[in-house]
Amino acid sequence: APTVAIAQARKVYPGGLEAVAPLDLILEPGRTTALVGPSGCGKSTLLRMIAGLEEPTEGSVMIDGEHPVTVAERGELAVAFQDPSLLPWRSVRRNIALALTLARRPVDEGDIDRMIALVGLEGFDHTRPAALSGGMRQRAAIARALITEPRLLLLDEPFGAVDELTRQDLLAELPPLWRQRGTTTVLVTHSIAEAVRIADRIVVLSPRPSRIAADIPVPLPQP
Ligand code: ADP
Ligand code: ADP
């Protein structure tokens, strides 16, 4: 699993709003880091910079010495964001299959079945996103991110629209899966309880522009 090296990364949006102050952070291989902090502090901006979706105004983000876009293009980086960008004209199954194709991985229908079951979407594999609830769409997006067994997994409030019972199920089922694979994982959340449950490190960001206010190791979650 890769190391993410964030060096003096700063983000100023056009118009002058500084979302992330020059920030240094090393994310070690195989660890799950939760980014927490007040709403609007720059958590998503930082995550999007790690994903290569946003270019730092100054400084750099490197994944094992490479630009995030290079890693993403090899299919080794997966994201699941709060607003899941599923292709609306494709069923759940075909959205998940497309992720495999884009990552140049074989499309194994059995693996897709198991992933659909894991996120609790059995019976909905031929349903299109528009016909799903918000929580079900989020679960489909998580399935799509995990199916490629990415080396780097970036999650932005992935359980935000999921009902509480399903959330508890997903929190029990999914983190052991990516931990077992040794995936380097970064999770943006506003829930300290969720961070403590999933992460082995919690990075608390200050109000905007994001600086590191605290960096807290978490004992490994109990099974
Ligand atoms: P968080 O995820 O912590 O809620 P964000 O990273 O989404 O914070 O946003 C940080 C700040 O940057 C906010 O003030 C937000 O309004 C602003 N912002 C986010 N995205 C953009 C953008 N594309 N253009 C301009 N400002 C943005
Ligand atoms: P929410 O997004 O409101 O939290 P969930 O993702 O928890 O909703 O879904 C609640 C349940 O509603 C699902 O498990 C499913 O049984 C049912 N449901 C939602 N959308 C549909 C649909 N399009 N067809 C059939 N059942 C659905």
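What you see is a predicted model; the values in this text were computed from it and never measured.

**As for the pairing of strand 6 (residues 152–156)**
Within strand 6, 5 of the 5 residues are buried, leaving the element largely enclosed by the surrounding structure. Burial along strand 6 is two-sided: Leu 152, Leu 154 and Asp 156 facing one way and Leu 153 and Leu 155 facing the other are all buried. Where strand 5 (residues 77–80) and strand 6 come together, 4 bridges link them in parallel fashion. When the bridges of strand 6 are listed, Leu 77 appears paired with Leu 152. Note: strand 6 against strand 7 (residues 184–188), 5 bridges, orientation parallel. Across the sheet, Leu 152 pairs through a bridge with Thr 184, a residue of strand 7.

**As for the site of ligand 1**
Neighbouring ligand 1 are 13 residues, the closest being Gly 40, Gly 42, Lys 43, Ser 44 and Thr 45. Between ligand 1 and the protein, one listed contact pairs an oxygen atom with a backbone N or O atom of Cys 41 at 3.1 Å. In this structure, an oxygen atom belonging to ligand 1 sits 2.9 Å away from a main-chain N or O atom of Lys 43. Relative to its unbound accessible area of 560 Å², ligand 1 is 63% covered by the protein chains.

**Observations regarding the site of ligand 2**
Close to ligand 2 lie Phe 124, Ala 131, Ser 133, Gly 134, Gly 135, Met 136, Arg 139, Ala 161 and Asp 163. Between ligand 2 and the protein, one listed contact pairs an oxygen atom with a side-chain N or O atom of Arg 139 at 2.8 Å. Calculation on ligand 2 without its partners gives an accessible area of 570 Å², and the protein chains cover 49% of this total. When its residues are assigned to classes, the shell around ligand 2 shows 4 nonpolar, 3 polar and 2 charged.

**Remarks on helix 5 (residues 134–147)**
With 14 residues, helix 5 ought to run about 20 Å at 1.5 Å a step, and its terminal C-alpha atoms sit 20 Å apart, in line with that. The element helix 5 is extensively covered by neighbouring structure, given that 12 of its 14 residues are classed as buried.

**Regarding the packing of helix 3 (residues 92–102) against helix 4 (residues 109–118)**
Two elements in contact, helix 3 and helix 4, have axes separated by 11 Å at closest approach and are oriented at 120 degrees. On the basis of the axis angle, helix 3 is oblique to helix 4. Viewed along their axes, helix 3 and helix 4 form a crossing whose handedness is right-handed. For the pair formed by helix 3 and helix 4, the contact residues are Val 92, Arg 93, Ile 96, Ala 97 and Leu 100 on the first element and Glu 109, Ile 112, Asp 113 and Ile 116 on the second. Grouping the constituent residues of the contact of helix 3 with helix 4 by class yields 6 nonpolar, no polar and 3 charged.

**Details of the sheet that holds strand 3 (residues 32–36)**
Across the sheet, which stays open at both edges, the 6 strands sit in the order 5-6-7-3-8-9 with mixed pairing between neighbours. Each edge of the open sheet is held by one strand with a lone partner, namely strand 5 and strand 9 (212–217). Each strand axis lies, on average, 15 degrees off the axis of its neighbour in the sheet, ignoring direction. Each of strand 3, strand 5, strand 6, strand 7 and strand 8 (201–205) is contacted by helix 1 (residues 43–51), which is oriented at about 155 degrees to strand 6, the strand it contacts most.

**Overview of the nonpolar core**
Formed by 37 residues in total, the largest nonpolar core has its most connected members in Ile 142 and Leu 174. Mapped onto this core, the elements with two or more residues apiece are strand 3, strand 5, helix 3, helix 4, helix 5, strand 6, helix 6 (164–180) and helix 7 (192–198). Sorting elements by how many residues they give to this core places helix 5 first, with 7 residues. Contact partners of Leu 174, with chain neighbours within four places excluded, come to Leu 118, Val 119, Ile 142, Leu 146 and Phe 159.

What counts, and at which threshold
Residues numbered from 1 in each chain as written. Chains lettered and ligands numbered in written order. Predicted model: local features only at pLDDT ≥ 70, side-chain atom pairs only at ≥ 80, totals over all residues. Heavy atoms only, no water. Buried < 20%, exposed > 50% of the residue type's maximum accessible area, 1.4 Å probe, protein only. Helix = DSSP H or I, 4+ residues; strand = E, 2+ residues; numbered from the N terminus. Pairing = 2+ DSSP bridges. Near = heavy atom within 4 Å. Polar contact = N/O pair within 3.5 Å; in protein donor to acceptor, adjacent residues only side chain to side chain. Areas by Shrake-Rupley, 256 points an atom, 1.4 Å probe, with all protein chains shown as cover. Nonpolar A, V, L, I, M, F, W, Y, C, P; charged D, E, K, R; others polar. Expected span 1.5 Å × (residues − 1). Axes fitted to C-alpha atoms, helices over the stretch in contact; angles between N-to-C directions. Parallel < 35°, antiparallel > 145°, perpendicular 65-115°, else oblique. Left-handed = near helix turned anticlockwise from the far one by under 90°. Contact = heavy atoms within 4.5 Å. Core = buried A, V, L, I, M, F, W, Y, C linked by side-chain atoms within 4.5 Å.

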